[in-house]
Amino acid sequence: MTDTCKYADILLPVQPSLELDQVESVGPDTFYYHEHAVEPAGEAWSDMDILAALADRMGITLGGDHPIHNNADFMDHILQSTGLTVAELKAAPNRMLKAKNVMPPRTSEQIITGVKTPSGKIEFVSSVLEGCDK
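To start, this report covers the structure provided alongside it.

Moving on to the sheet that holds strand β1 (residues 22-25). The strand order β1-β2-β3 describes an open sheet built from 3 strands, whose pairing is antiparallel. Two strands bound the open sheet, and with one partner strand each, they are β1 and β3 (96-98). Adjacent strand axes in the sheet meet at a mean angle of 25 degrees, parallel and antiparallel pairs treated alike. In this structure, strand β2 (residues 30-34) lies alongside β3, joined through 3 bridges in antiparallel fashion. Opposite Thr 30, over in β3, you have Lys 98 as the bridge partner.

Among the nonpolar cores identified, the biggest contains 9 residues, and these are Val 23, Phe 31, Tyr 33, Met 75, Leu 79, Leu 84, Val 86, Leu 89 and Ala 99. Of all the elements in the fold, those that place two or more residues in this core are β2, α2 (71-79) and α3 (86-91). Once residues lying within four places of it in the same chain are set aside, the contact partners of Leu 84 are Phe 31, Leu 79, Leu 89, Leu 97, Lys 98, Ala 99 and Lys 100.

Under the criterion given, the structure shown has 4 salt bridges. Of the charged contacts, one joins Lys 98 and Asp 29 as a salt bridge, the two residues approaching to 3.5 Å between their closest N and O atoms. Separated by 69 residues along the polypeptide, Lys 98 in strand β3 and Asp 29 in the loop between β1 and β2 bring together distant segments of the chain. A residue is classified by how much of its surface remains accessible, and Lys 98, at 53% relative accessible area, is exposed. On the basis of relative accessibility, which here comes to 21%, the residue Asp 29 falls in the partly exposed class. Put simply, Glu 35 and Arg 95 hold a salt bridge, and the shortest N to O gap is 3.0 Å. Residue Glu 35 is found in the loop between β2 and α1 (47-57), and its partner Arg 95 is found in the loop between α3 and β3; the two are separated by 60 residues along the sequence. Judged by relative accessible area, Arg 95 falls into the partly exposed class, the value being 29%.

Despite not being glycine, Asn 94 has its phi angle at roughly 60 degrees, a positive value. By secondary structure assignment, the location of Asn 94 is in the loop between α3 and β3. Using a relative accessible area of 66% as the deciding quantity, one classes Asn 94 as exposed. One non-glycine residue, Arg 95, lies in the positive phi region at around 55 degrees.

Take a nonpolar patch on the surface next. On the surface, Ile 10, Leu 12, Leu 54, Met 58 and Ile 60 cluster together into a nonpolar patch covering about 530 Å² of accessible area. Mapped onto the secondary structure, Leu 12 falls in the segment before β1.

As a further point, take α2. Within the span of α2, buried status applies to Asn 71, Met 75 and Leu 79. End-on view of α2: buried residues confined to an arc of 85 degrees, all on one side of the axis. In this structure Asn 70 caps α2, since a side-chain oxygen of it lies 3.1 Å from the backbone nitrogen of Ala 72.

Definitions and cut-offs
Per chain, residue numbering runs from 1 following the sequence as it is written. Local features in this predicted model are restricted to residues whose pLDDT is 70 or higher, and side-chain atom pairs enter the listing and the counts only when it is 80 or higher, whereas totals over whole chains, interfaces and linings include all residues. The basis for every side-chain value is the complete set of non-hydrogen atoms in the structure, without hydrogens or water. The rule for pairing is simple: two strands pair if DSSP sees at least two bridges between them. Strands are runs of DSSP state E lasting at least two residues, helices are runs of H or I lasting at least four, and both sets are numbered from the N terminus onward. Convention adopted: a line fitted to C-alpha atoms gives each axis, helices being fitted over their contacting stretch, and angles between N-to-C directions are expressed from 0 to 180 degrees. We call a set of buried Ala, Val, Leu, Ile, Met, Phe, Trp, Tyr and Cys residues a nonpolar core when their side-chain atoms join them within 4.5 Å. Relative accessibility decides the category of a residue: with a 1.4 Å probe and only protein chains considered, values under 20% of the type maximum give buried, values over 50% give exposed, and everything between is partly exposed. By definition, residues are in contact when any of their heavy atoms lie within 4.5 Å. When a carboxyl oxygen of Asp or Glu lies within 4 Å of a side-chain nitrogen of Lys or Arg, that pair is called a salt bridge. Patches in this entry comprise residues that are over 30% relatively accessible and not in a salt bridge; like charges within 9 Å are linked, as are nonpolar side chains (Val, Leu, Ile, Met, Phe, Trp, Tyr) within 5 Å. Computed with the Shrake-Rupley method and a 1.4 Å probe, the accessible areas treat only the protein chains shown as cover for residues. The arc under discussion is defined with respect to the helix axis, by the directions toward the C-beta atoms. Definition of a polar contact: a pair of N or O atoms within 3.5 Å, with one able to donate and the other able to accept a hydrogen when the atoms are protein atoms, and with sequence-neighbouring residues admitted only if both atoms are side-chain atoms.

Here it is as structure tokens:
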């Protein structure tokens, strides 16, 4: 319990990284599955499990075409563009694999082209929100 926690109306116990299964990028095209080192304590949940449960109760679907209901779904979602799955990483030697799909390097101009905002540019002040009442 920290001083900041004393101001909260609700505290949600979150798992520290040693209690989480995770997918990590260990290079521009290499991914590693990191299994939890210790069993989760008490009633702690991962950040993604908490967000997914809150979204579900609010009627919001996370993840678009591939819904995210928990941390396992989130890890598969992260890997989707690589062509890998968590199951493949778990089964791989050293739990590490090179991505099947690798995006070619892009310049800043290529990244900025086609930004889906009304101005077509990255907006630090949203032109969509300017007309909203505060």
